[in-house]
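Results of the structural survey
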Amino acid sequence: MGNSLAIFFIVFGAVLAAGLPGMGSARGTSLVGQAAAGVVSEDPSKFGKVLILQVLPATQGLYGLLIAILTLSFTGLMGGQIPPYTWQQGLAFMAADLPMAVVGYFSALHQAKAAAAGVGIVAKKPNESGKAITFAALVETYAILALLISVLCLNGLASTFRA
Amino acid sequence: MKDSEYTYAVARIRVHETKLLTESELNTVIAAKSHEEAVRRLREKGYDLTDGDAEALDKKLRETWELLQSILPDERQMDAVLIKNDFHNLKVILKALVNEKSTDGLFRFPSKYDPEELKALVFARQNDKLPPELQHCDRSAYNILTKTRFAQLGDSVIDRAAMEWSIDYAKKADDPMIEKLAQLQAALTDIKVIYRCILTGKADSFKKRAVCDCSYFSKQTLIDAAQTLNDFFAFLASTPLQNAGRALEESPAVFEKYADDAVTELLTAGKSEIFGITPLLGYWFAVNTEILNLRIILSGKATGQSDEIIRERMRKTYV
């Protein structure tokens, strides 16, 4: 029973890590994509510049996927050889996924807003596109910090529980 | 409607904003030695005036409206700017009916309802078939015009109905900019109406029927303060629209410029917004202002007015 519950928490954590940032990235790239389409429909030569802005909120989805894979890998779920975890240990793995899940979702949405505003800069002053990208890229910092803390937690938990 | 639903439209408008004439570009047109040179300079900036000044500028307005209609997720969102023209058109139709005159060239564009359809209904006195927002003021203004022939009161009743409708619509629209715009326009219209009332010695009972409440001042406070011109200007000086009084003291034409500039200033504050309807409203007013400025320049050049006089009449630009 303890192991089944542990497996449930581990899988649920991995699902959250992949799902929430993925949802955030999908919504974010859609929002920036609409703004980008608006600009490109008037001036197709700006496609390259607005594409970079559209790609920015997509990274959170990739980070989430990475954390989900690491969770399944560190816990042994991927190879099918699962140690006898207690439910508390399973819950700890799930907690390790949360920084990426939560921060990934919200940072993707907020980065998309910054990137959509950047599309406005590209529309009016194409030479300032570097600044527009910088504004949006700064939001990425917090997704990277969340990714880092989730990786460190997963690694630490896996080492501790195996020992 | 979610603000993010305007993302596509706002991005397209941002590109179009780059094509608006700046103040320095307008100054180069003003500096033209003749009307022909002004037209040539405008052509270099993308304005094709070969069909004649008025027709070309009307065409530009129509094209802008068609663009907005094509990109708006829900075109009813622009009712805030449309319905005022419907009320104006109703005024034109009623005057034409009572005075047996033509409406040719007097309708305002764009409007929510087809002016010719409105005309047919008003002429047939099918009041109940008119759009609900126009029914009451159509009845009131028609009674005033046919029974008393008091044209100014008839106009004022319709203007007041338009303002009250705008304020009511703005409250329902739940958009801070639409509400601020409606309140500002109502206040400016009230000031204009009261000023005329004082000049023509109208009684308070007339003023009560002609003005509406707004966030800048209550109707009663305004009427109480408007017994003489000096009292009225002193009252305006104590409101956020203190410059309106100063503009009126100079002349009604200066006030008209002040009113247009106040609207542009309000909308310019929302120029940095990335979502919502504000950038679209701003662009629509910006194009209207640009067209008005070009009319001022071109008519000034055609009639040989000095650059100084033309500059004085020019409205503040959005970009």
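Residues numbered from 1 in each chain as written. Chains lettered and ligands numbered in written order. Predicted model: local features only at pLDDT ≥ 70, side-chain atom pairs only at ≥ 80, totals over all residues.

The next thing to look at is the interface of chain B and chain A. When the parts of a complex come together, some accessible area is lost, and that lost area is often taken as the interface size. Taken together, the 12 residues of chain B in the interface contact 15 residues of chain A. Taken together, the residues of the side of chain B that touches chain A break down into five nonpolar, four polar and three charged. (Contact = placed C-beta atoms within 7 Å. Nonpolar A, V, L, I, M, F, W, Y, C, P; charged D, E, K, R; others polar.)

Turning next to the packing of helix α4 (residues 53-71) of chain B against helix α15 (residues 278-302) of chain B. Residues and elements named next belong to chain B. At their nearest, the axes of α4 and α15 sit 10 Å apart, and the two run at 175 degrees to each other. It follows that α4 is roughly antiparallel to α15 by the angle criterion. From α4, D53, L57, K60, L61, T64 and L68 reach across to α15, where they touch L280, W284, V287, I291, L294, R295 and L298. Within the contact of α4 with α15, the residues separate by chemical class into nine nonpolar, one polar and three charged. (Axes fitted to C-alpha atoms, helices over the stretch in contact; angles between N-to-C directions. Helix = DSSP H or I, 4+ residues; strand = E, 2+ residues; numbered from the N terminus. Parallel < 35°, antiparallel > 145°, perpendicular 65-115°, else oblique.)

This part covers the nonpolar core. In this structure, A:V119 and B:L280 are the most contacted members of the largest nonpolar core, which totals 121 residues. Top contributing element to this core by residue count: helix α4 (residues 87-124) of chain A, with 18 residues. Among residues more than four places away in sequence, those in contact with A:V119 are A:V32, A:A35, A:A36, A:V39, A:V50, A:L53 and B:A11. By size, the runner-up hydrophobic cluster in this structure holds 12 residues, among which are B:V29, B:A38, B:L294 and B:I296. (Core = buried A, V, L, I, M, F, W, Y, C linked by C-beta atoms within 7 Å. Buried ≥ 20, exposed ≤ 12 C-beta atoms within 10 Å, placed from the backbone.)

Another aspect to go through is the confidence of the model for chain B. This prediction gives chain B a mean pLDDT of 90; 99% of its residues lie at or above 70. Here the predicted complex scores 0.86 on pTM and 0.81 on ipTM. (pLDDT = per-residue confidence, 0-100.)

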